[in-house]
Amino acid sequence: MNQPVRHGAMRARNLALVLGEIAGGGPLTRAALAELTGLTKTTVSSLVADLLSAGLVAQAPAARGGERGRPGVEVRLSGEHVAALGLEVNVDYLAACLVDLTGAVRARRTVRADNRASRPEPVLAALDRLAGETLAGVPSLRVAGAVLAVPGTVGERRVHHAPHLGWRNVETADIAARLSVAPVAVENEANLAALGELEFGAAPRDFLYVSGEIGVGAGLVRDGGLLRGSSGLAGELGHVVVTDGGPACRCGSRGCLEVYAGRGSLPDPASLAADDPRAAAACRRAGRALGLALSSAVNLLDPGTIVLGGCYVPLFPWLAPAVEAVLDERLGALRPAPPALVPAVTGPDAAVLGAAGQVLRRVLADPASLA
Ligand SMILES: [Zn+2]
């Protein structure tokens, strides 16, 4: 049947409206959906039929009876057909995570890999193999797309610079062409980790997420959305200078936070003994540097909470006292109290979860692309 274009646009909008209500407040009956959306029951039934056949929703008998004593049928998001792939290239590992439409993690894999000073081609080939192995475990799921997290500055069309990987001006299109899933978008690792903590963790709607990896990055979430800056490059907390004339950093500057508080300057949490004085001293030094950089960030941005992620999660008991002491000392006179400092609950999966979450958001905003 030939539908005028205008009708197609309206259908797309209504599909998103109905799916949005189901995602936000489901399971719901068709009658409840009609009431919530203001659409007629006939229109809702037709839209739900399309969402059912696209595998985006499923139906089940309602716990309570429906109108006029008949058992109601409720519609909810389906976790059985459509999924999103989160991918990550980091300095010393690759990761993939498959999340279904209900937000449940269906498969995840991480492999250690030395990606320092690498060329993108072999790294992306290894990542593509990892993605294939991850998807093979759940063949019934159709992948709606992937988002790739990289530890560097990412613009609209390219990775500008990932200093530890040694990648400069790598086009997103070239990255996408080397991966078997489509479509692929690329985003900064700390930004995605912040979104992962927002959507899959316990973070409030206003917080500064700090990602402690080999590099240190940050993502600022304000009122549930990411603050990206004028060119998408906000949050480079790792390159905030904490010591004028300090040691050289890979970014070309000196005395950056990353030199003191990157994973390379911290003890391995797996082998950290609570009574090891050298490990404790390294954590105190890193904690003080982190406290200094965060004091500036708090003065500038006023986040409600600071969430420490990545390798800072297992090291939190050793780092937090030093960070908090500096925040108290530097911020105490200006405000009633410094922001709360908490460890991330999503742990090392924050970025891949956030990446998959971006694909899910896109599916919910535009179900017509699949239905
Ligand atoms: Zn730097």
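Residues numbered from 1 in each chain as written. Predicted model: local features only at pLDDT ≥ 70, side-chain atom pairs only at ≥ 80, totals over all residues.

**Structural notes on the pairing of strand S15 (residues 305–310)**
- The buried fraction of S15 is high, at five of six residues.
- Relative to S15, strand S12 (residues 207–212) is paired through five bridges, and the arrangement is parallel. Of the residues in S15, the one forming a bridge with Val210 is Leu308.
- As a crossover connection, the stretch from S15 through helix H9 (residues 316–331) into strand S16 (residues 340–343) is right-handed. (Buried ≥ 20, exposed ≤ 12 C-beta atoms within 10 Å, placed from the backbone. Helix = DSSP H or I, 4+ residues; strand = E, 2+ residues; numbered from the N terminus. Pairing = 2+ DSSP bridges. Right-handed = clockwise from strand over helix to strand, strands pointing away.)

**Some words on the sheet that holds strand S11 (residues 184–188)**
- Read across the open sheet, the five strands follow the order S6-S5-S4-S7-S11; overall the sheet is mixed. Each edge of the sheet is formed by a strand with only one pairing partner; in this case those strands are strand S6 (105–112) and S11. Each adjacent strand pair in this sheet contributes to an overall mean axis angle of 15°, direction not counted.
- In the packing of helix H4 (residues 120–136) onto the sheet, contacts are made with strand S4 (82–89), strand S5 (93–100), S6 and strand S7 (142–150), and the angle to S5 comes to roughly 35°. (Axes fitted to C-alpha atoms, helices over the stretch in contact; angles between N-to-C directions. Contact = placed C-beta atoms within 7 Å.)

**Quick word on unusual backbone geometry**
- Geometrically, the link from Gly26 to Pro27 is a cis peptide bond, its omega value of -5° lying close to zero.
- Along the chain, Pro27 turns up in the loop between helix H1 (5–25) and strand S1 (28–29).
- Of the consecutive residues Ala182 and Pro183, the connecting peptide bond is found in the cis state with omega at -10°.
- The topology assignment puts Pro183 in the loop between helix H5 (172–177) and S11.

**Describing the pairing of strand S9 (residues 158–162)**
- One ladder, built from two bridges, connects strand S8 (residues 153–154) with S9; its direction is antiparallel. Looking at the pairing, Val154 lines up with Val159 of S9.
- If you look at the hairpin formed by S8 and S9, you'll find three residues sitting between the two strands.
- Across four bridges, S9 lies against strand S10 (residues 167–171) in antiparallel orientation. Of the residues in S10, the one forming a bridge with Arg158 is Glu171.
- Between S9 and the antiparallel strand that follows it, S10, lie four residues; Gly166 among them carries a positive phi value of about 80°.

**Re H9**
- Along H9, the residues that are buried comprise Phe316, Trp318, Leu319, Val323 and Leu327. With its buried residues spanning 155° around the axis, H9 presents them on a single face.
- On its buried face, H9 sits against helix H8 (277–301), S15 and S16. (Arc of directions from axis to C-beta.)

**Considering the packing of helix H2 (residues 30–37) against helix H3 (residues 41–53)**
- One can describe the packing of H2 onto H3 by two numbers: an axis separation of 9 Å at closest approach and a directional angle of 115°. Here H3 runs roughly perpendicular to H2, going by the angle between their axes. Where H2 crosses over H3, the handedness of that crossing is right-handed. Contacts between H2 and H3 involve Arg30, Ala31, Leu33, Ala34 and Thr37 on the former and, on the latter, Lys41, Val44, Ser45 and Val48.
- The residue inventory of the contact of H2 with H3, partitioned by class, reads five nonpolar, two polar and two charged. (Parallel < 35°, antiparallel > 145°, perpendicular 65-115°, else oblique. Left-handed = near helix turned anticlockwise from the far one by under 90°. Nonpolar A, V, L, I, M, F, W, Y, C, P; charged D, E, K, R; others polar.)

**A short note on the domain arrangement of the chain**
- Segmenting the chain into domains produces domain 1 (5–77), domain 2 (82–193 + 350–369) and domain 3 (203–344).
- Its C-alpha centre places domain 1 at a distance of 45 Å from the equivalent point of domain 3. (Domains from an automatic or database assignment.)

**Focus on the nonpolar core**
- Leu148, Tyr209 and Leu257 are the most contacted members of the largest nonpolar core, which has 112 residues in total.
- Beyond its immediate chain neighbours, meaning those up to four positions away, Tyr209 contacts Ala190, Ala193, Ala194, Glu197, Ala218, Gly219, Val221, Val307, Gly309 and Ala344. (Core = buried A, V, L, I, M, F, W, Y, C linked by C-beta atoms within 7 Å.)

**Structural notes on the sheet that holds strand S13 (residues 216–222)**
- The strand order across the open sheet built from five strands is S14-S13-S12-S15-S16, with neighbouring strands paired in mixed fashion. Whereas interior strands pair on both sides, the edge strands pair on one side only; in this sheet they are strand S14 (225–227) and S16. Across the sheet, the mean angle from the axis of one strand to that of its neighbour is 30°, orientation sign disregarded.
- Strand direction decides the pairing type here: S15 and S16, joined by four bridges, are parallel. What sits directly across from Val307, in S16, is Val342.
- Along the sheet, helix H6 (residues 189–200) makes contact with S12, S13, S14 and S15, crossing S13 at roughly 45°.

**What to know about the packing of H8 against H9**
- Orientation of H8 relative to H9, taken along the N-to-C sense of each, is 40°, at an axis distance of 7 Å. In the packing of H8 onto H9, the handedness of the crossing is right-handed. When H8 is examined against H9, the residues Ala280, Cys283, Arg284, Ala286, Gly287, Arg288, Leu290, Gly291, Leu292, Leu294, Ser295 and Val298 are found in contact with a partner set consisting of Trp318, Leu319, Ala322, Val323, Ala325, Val326, Leu327, Arg330 and Leu331.
- Class assignment of the residues belonging to the contact of H8 with H9 gives a composition of 15 nonpolar, three polar and three charged.

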